[in-house]
Amino acid sequence: MAARDRDRFSTTTRLRLLGEQTAARVYRSQNKRQARRRPSRLTGRAALLALVLCSLIVALAYPMRQYISQRAEIADLKHRQEQARARVEQLRDAKARWQDDAYAEQQIRRRLHYVMPGETGYVVIDPGAAKQSRADRAAAHRPWYANVWDGVDRSDASDQ
C-alpha cells in the first residue's frame, strides 16, 4: 500500500493527471467555441458574396425599372394607335356615306328641318320642355340673386 501512495504522489503521475485535465479543459472550450460559431456561419466569403449580390441588385434595379416603364409606355402607344386606326376607319365610312346623295338629303332634312316642295313640315315639341321654358321666362323678370338662390334650393332638394 505504501507503493501505491508513493505512485500516487509521484511527479510522473501528477504530470499525467494534469495533462489529462488540461486536455479535457481545452476540448471543452473548443466544443463551446464551435457551438457558438455554428449558428452564425457568416464567413468572409459569405459576406463578400452577400455584398456582391446586393451590389448587383442595386445596379440592376434602375435599368429594370426603366425597362418595365418603357414596356408599359409601348403598350399604351400601341393601344392609342389602334384607337386612332379605328377612328380613321369611322371617318372614312362617314365620308363615304356623305358622298351618297340620298344620305346627304336625309341628313339635311333631319338636322335642318328642310322639306321638299309640296311637303308640309311638322315639328313636335316636348310638353316637358314647354313647361321648363315657361319657368325660365318667369325667372327672367326676377333679380339675378333670386335665381341663384332658387338654383341652390333646387339642387339641395334633389340631393334629399
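Residues numbered from 1 in each chain as written. Predicted model: local features only at pLDDT ≥ 70, side-chain atom pairs only at ≥ 80, totals over all residues. Heavy atoms only, no water.

Focus on the confidence of the model for the protein
Part 1 of the argument: When the pLDDT values of the protein are averaged, the result is 83; 80% of them are 70 or greater.
Part 2 of the argument: When mean pLDDT is compared element by element in the protein, helix H3 (residues 44-99) scores highest at 95, while helix H1 (residues 2-8) scores lowest at 58. (pLDDT = per-residue confidence, 0-100. Helix = DSSP H or I, 4+ residues; strand = E, 2+ residues; numbered from the N terminus.)

With respect to a nonpolar patch on the surface
Part 1 of the argument: Together, Leu48, Leu49, Leu51, Val52, Leu53, Leu56, Leu60, Met64, Tyr67 and Ile68 make up an exposed nonpolar region whose accessible area comes to about 1000 Å².
Part 2 of the argument: In this structure, Leu53 sits in helix H3. (Patch = residues over 30% accessible without salt bridge, like charges linked within 9 Å, V, L, I, M, F, W, Y side chains within 5 Å. Areas by Shrake-Rupley, 256 points an atom, 1.4 Å probe, with all protein chains shown as cover. Salt bridge = Lys/Arg side-chain N within 4 Å of Asp/Glu carboxyl O.)

As for the pattern of salt bridges
Part 1 of the argument: Overall, the coordinates contain 6 salt bridges when judged by the stated rule.
Part 2 of the argument: In this structure, Arg80 engages Asp76 in a salt bridge whose closest nitrogen and oxygen atoms are separated by 3.1 Å. Separated by 4 residues within a single helix, Arg80 and Asp76 lie in helix H3, roughly one turn from each other.
Part 3 of the argument: Where salt bridges share partners, they join Glu105, Arg109 and Glu119 into one cluster.

Notes on the packing of aromatic side chains
Part 1 of the argument: Overall, the coordinates contain 2 aromatic pairs when judged by the stated rule.
Part 2 of the argument: Ring geometry for Trp98 versus Tyr103: centroids 5.3 Å apart, planes at 80°, classification edge-to-face.
Part 3 of the argument: Overall, Trp98 belongs to the partly exposed group, its relative accessible area being 38%.
Part 4 of the argument: Seen from their ring centres, Trp144 and Tyr145 are 5.9 Å apart, and the 85° between their planes marks the pair as edge-to-face. (Phe/Tyr/Trp six-rings, centres within 6.5 Å; stacked < 30°, edge-to-face > 60°. Buried < 20%, exposed > 50% of the residue type's maximum accessible area, 1.4 Å probe, protein only.)

Considerations on the side chain of Gln107
Part 1 of the argument: Mapped onto the elements of the fold, Gln107 is located in helix H4 (residues 101-112).
Part 2 of the argument: Classification of Gln107 by relative accessible area gives buried; the value is 7%.
Part 3 of the argument: There is a polar contact of 2.9 Å between the side chain of Gln107 and the side chain of Arg110. (Polar contact = N/O pair within 3.5 Å; in protein donor to acceptor, adjacent residues only side chain to side chain.)

Some details on the packing of H3 against H4
Part 1 of the argument: Orientation of H3 relative to H4, taken along the N-to-C sense of each, is 95°, at an axis distance of 5 Å. In terms of their interaxial angle, H3 and H4 are classed as roughly perpendicular. Here Arg97, Trp98 and Gln99 of H3 come into contact with H4, specifically with Asp101, Tyr103, Ala104, Gln107 and Arg111.
Part 2 of the argument: Of the residues contributing to the contact of H3 with H4, the split by class is 3 nonpolar, 2 polar and 3 charged. (Axes fitted to C-alpha atoms, helices over the stretch in contact; angles between N-to-C directions. Parallel < 35°, antiparallel > 145°, perpendicular 65-115°, else oblique. Contact = heavy atoms within 4.5 Å. Nonpolar A, V, L, I, M, F, W, Y, C, P; charged D, E, K, R; others polar.)

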